[in-house]
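Results of the structural survey
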Amino acid sequence: MRRLCLLSILASTFAPFAATQTFKNFESAQLRPIAVSFDGTRLLALNTPDRRLAVYDLSNVDRPWLLREVQVGMGAVSLRQRTANEVWVVNNLSDSITVVDIKQGLVVDTIQVQDEPYDVVFANDPHTAGNPQLAFVSLATSKQIVTYDATTRQAVGAIAIFGEEPRALATDGEHVWCAIHHSGNGTTVIGENVSGHRQTSPTPGLPSPTFDIAKLVTASTAVQPDFDVFEIHLNNQTVTAYQGVGTTLFDLAVHPVTKDLWVANTDAQNTLTWEPHLKGKAIQSRVTQIQRGGPTITPFPIDANPTVATALSQPTSVVFDPSGTTLYVAAFGSDRIGVMDLQGNITARVDVGPATTVDPANKRGSRGLAHHPTQARLYVLNKLNSSIRVINTHVTPTGGIELPLAHDPTLPGIKAGRGFLYDARLSGNGTMSCASCHIDGDTDGLAWDLGDPLGGFVNVWLADLMTLAQLHPMKGPMVTQTLRGLGGTQPFHWRGDRPTLGQFNIAFQNLLGGTQLNTPDLALLTQFMSSVEFAPNPNRNINDTLPPGAAAGKAVFTTMQPSCASCHDIGKGGTSGQIISTLTGANQPMKVAQLRNIYKKQGRTLVNGQRTSGFGMLHSGEVDHPMQFLQRFFSNIPPADQAALRDFVLAFPTGTPPAVGHSMTLTPGNYAGPAAANFLSLMFGEAAAKRIDLIATGQLAGLQAGLLYAPTAQHFVANKVSSQTLTLADLQLLFSLGQANLTFIGVPWGSGLRMALDRDLDGTLDGDEGMVRYGTSTPAACAPVSLTANSTADLGNAEFAFVGTGAPLSTTGFMLLGSAQTSLPFIGTTLLVSNYASLPANSDASGTAVIPFAIPNDPLLSGASYYAQLFFPLTHACAPSGLVASQGLQITVDA
């Protein structure tokens, strides 16, 4: 009944928001999503799709219990602990660092950084008085590491990194290492019109191609040095680059004694020609050791003699046990953890899901690892099913409990379909998946010759010639295309030879060496692949306008004759979907290419005579940059117009407005400054233009709060039906009184109600989810004991627990749980619970107590209320009876 009443209220109060609720899938590439605190008492995990940092109690290392969650930025990919209570979360989509006080469960600051941050580490500066601690942040798009004073959180320097997408970082305090994600393998192409390279068909009855193709070659190391890992020496400020580590690098681990580096990576075999030769062996998964004294670089394949039952595919995380005798490897594609000795031998394997079942719809996706600093326990963050697996690493590692994260807003169809992209068990030998090249639904930055001399001709319609053309099955090298933003852009592939996503099914057989998907599974994969979105283009202004040069370029793009926009439709991501003949210089028909990720394809551009990637623009990757394309094919355009077109193409809209993810934390110390005023003015405008929903999350008057801005009414709606709406003036008053701490963030338009007010969209606002404080606690001067809960009291919530904070440290107390409330004197306190039972409550060294209270999935409990109060012994002048108490907490079980 309670829910029906609230639903009727919601229907009228939140009508402007409710009809448009949606979930945007950005498929963020988690890098370091899980960690154990320095003292081993807390487990920290990122719930990326729900935009939260989850904090768990590890009093029982085999059974983590959720304490609290903190809302962070969008696309949270990495976390790193700085002090006992301070954790930095790297938000890839928001282009920010969220600084979290995990004891308070509060965001204390948001640091806005440049595009696509991925990781952060901390090390002291040996050259500055007092050796201040520095934060090193890797930035993929600008190819640099920016340093921040970790205390003031101000940028103090930058280190250029000559590689495509610097991501993973590691440190031993004297050095900082950076792994290049798209480090490449030294391959590049000679353009098809200068290579003179023509393939000969080895198949009787199949005529040889009549066109020249680009030629895959190994580049000169003088021009393309292929740097994989960079070592920054903090003492002498020098940078050393290591080569020969791998093609795609995911993670770094530093040996605790030798300080050698161990790198999780894959190695691409793209020098092999044709799909039949690459079948089931296009990618090798490895861990590479860098013995820094030499350096000696030794790759250890982890998929030798592979089978589906034993292979370890796509290693995304590596971590040592505290002694450094064992390395653990998360095989994301295999749902498996590899156990490795220091000689590179795999000594054991632990499955995080069923060992023998191939079930992509329920794939776990083991993505991140964290080992306890003193106990033989390994914690695995599973990205695809949003869970944590506990593994006992003593002697023979074994899998323990699997805990679901509190809430995953990913739509069921997306969750069920994404495993088909990532599951290496669908290949014939378990070594590769579609995502081995389409990494995290994107690209590997390489070109592959996936022609098939055993294949047949494909007929396509040429829009420019109004006729059918035959595409030869031997097509030459073509760069891996992104799988982002596919909705409405068919036909697919460079040549448009796959009219629908369903026609990729043959790749499971011909390239992966497995079997094709059945019709229902193929439909799930198609639904998932159609959902993945592009991130915002960093070359556009936050309000989605263009810088002057790009604005001039858009005018040229749309008005020149023939118009670029007539083929590269801006509304369709830069493509018309048409297949044309050879108007752009290609020697075979090509589909009009989309333009949304051109800004990320600049690695072939020469910088001081060197380049970071062997592949650039066009199907073959042979064009270095947009200006080279324009000068080659549109030399009649004035140079100024060419430059303007370049600027526009590099700022081409991706479909996601730049204000999505843009955020700022306002506190009593900064709310009245010009930066806050400018930020809010900008974001109010973006919300009014319906490019974003503007939300705010944090604390008001000491309680968790969520707010959603209503542009028409120009006020914020709170996440409690009983709360009045708040204007900006109301919030500013609360800030001035020290009663507000809020992080404002732009989220995709149509998702604000879910992200700020009703997390699970069940019709009950988050602030009304069956939890009410009542009564008063013992005065804070004595002991600020407070009682709350870790999640909502829903039927079947096995993870529900009461959480006490502010208790005397490391003390045994008790919680009274009853069926009614009262208010009676009780041993120097006020008893707020009647008809009660007593449960033990043990606080830890930080004064936190967890009292598990799993709620059965029993419909008879729906609507039942329980009342709880926490008590601890304390010898203190303000507790003459030797007892302190919390306020009361009422929970109501919800269906």
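Higher on the page you've got the structure.
Residues numbered from 1 in each chain as written. Predicted model: local features only at pLDDT ≥ 70, side-chain atom pairs only at ≥ 80, totals over all residues. Heavy atoms only, no water.

With respect to the sheet that holds strand S38 (residues 692-700)
One open sheet holds the five strands; their spatial order is S37-S41-S38-S39-S40, and the pairing between them is antiparallel. If you trace the sheet from one side to the other, it starts and ends with strand S37 (663-666) and strand S40 (715-718), each paired once. The average angle at which neighbouring strand axes cross in this sheet is 25°, direction not considered. Bridge count for S37 against strand S41 (residues 740-748) is four bridges, and the pairing is antiparallel. Paired with Ser663 across the strands is Ile745, a residue of S41. Contacts from helix H12 (residues 728-736) reach S37, S38, strand S39 (703-710), S40 and S41 within the one sheet, and its direction differs from that of S41 by about 140°. (Pairing = 2+ DSSP bridges. Helix = DSSP H or I, 4+ residues; strand = E, 2+ residues; numbered from the N terminus. Axes fitted to C-alpha atoms, helices over the stretch in contact; angles between N-to-C directions. Contact = heavy atoms within 4.5 Å.)

Here we look at the nonpolar core
Ranked by size, the top nonpolar core spans 40 residues in total, and within it Leu421, Tyr422, Trp448, Leu517, Leu525, Phe528 and Met529 carry the most contacts. Elements with a minimum of two residues in this core: helix H5 (412-422), strand S31 (447-449), strand S34 (477-479) and helix H7 (519-529). Once residues within four sequence positions are removed from consideration, Phe528 is found in contact with Asn25, Glu27, Ile414, Gly417, Arg418, Leu421 and Tyr422. Judged by nonpolar contacts, the second largest core, of 39 residues, contains Phe26, Leu700, Leu707 and Ala718. (Core = buried A, V, L, I, M, F, W, Y, C linked by side-chain atoms within 4.5 Å. Buried < 20%, exposed > 50% of the residue type's maximum accessible area, 1.4 Å probe, protein only.)

Concerning the packing of helix H9 (residues 626-633) against helix H10 (residues 639-650)
Two elements in contact, H9 and H10, have axes separated by 9 Å at closest approach and are oriented at 135°. Viewed along their axes, H9 and H10 adopt a mutual orientation that is oblique. Regarding H9 and H10, the two cross each other, and that crossing is right-handed. Touching Pro626, Met627, Leu630 and Gln631 of H9 are Gln642, Ala643, Leu645, Arg646 and Leu650, all from H10. Of the residues assigned to the contact of H9 with H10, the class counts are six nonpolar, two polar and one charged. (Parallel < 35°, antiparallel > 145°, perpendicular 65-115°, else oblique. Left-handed = near helix turned anticlockwise from the far one by under 90°. Nonpolar A, V, L, I, M, F, W, Y, C, P; charged D, E, K, R; others polar.)

Let's talk about unusual backbone geometry
Of note, the amide linkage connecting Gly294 to Pro295 takes the cis form, showing an omega dihedral of -5°. Tracing the backbone shows Pro295 in the loop between strand S21 (283-291) and strand S22 (296-301). Of note in this structure, Gln314 is not a glycine but carries a positive phi near 50°. For Gln314, the location among the structural elements is in the loop between S22 and strand S23 (315-320). For Gln314, a relative accessible area of 5% gives the class buried. The phi angle at Asn608 is positive, at roughly 55°, despite the residue not being glycine. In this fold, Asn608 is placed in the loop between strand S36 (590-591) and H9. By relative accessible area, Asn608 is classed as exposed at 82%.

Side note on the pairing of strand S3 (residues 52-57)
By the criterion of burial, S3 is predominantly enclosed, with six of the six residues buried. Across the two faces of S3 the burial is the same, with Arg52, Ala54 and Tyr56 and Leu53, Val55 and Asp57 all buried. Note that strand S2 (residues 42-47) and S3 share six bridges and pair antiparallel. Counterpart to Asn47 in the pairing with S3 is Arg52.

As for the pattern of salt bridges
Counting across every chain of the model gives 38 salt bridges. Where Asp50 meets Arg52, a salt bridge forms, and the shortest distance between an N and an O atom there is 3.1 Å. One salt-bridge network, held together by shared partners, links Arg32, Arg80, Asp119 and Asp251. (Salt bridge = Lys/Arg side-chain N within 4 Å of Asp/Glu carboxyl O.)

Quick notes on the state of the cysteines
Going through the model one piece at a time under the given rule, you end up with zero disulfides. You can see Cys434 has no disulfide; the closest cysteine sulfur is in Cys437, sitting 9.1 Å from it. You can call Cys434 partly exposed: its relative accessible area is 21%. No disulfide involves Cys564; its sulfur sits 8.8 Å from the nearest other cysteine sulfur, which is in Cys567. (Disulfide = S-S within 2.5 Å.)

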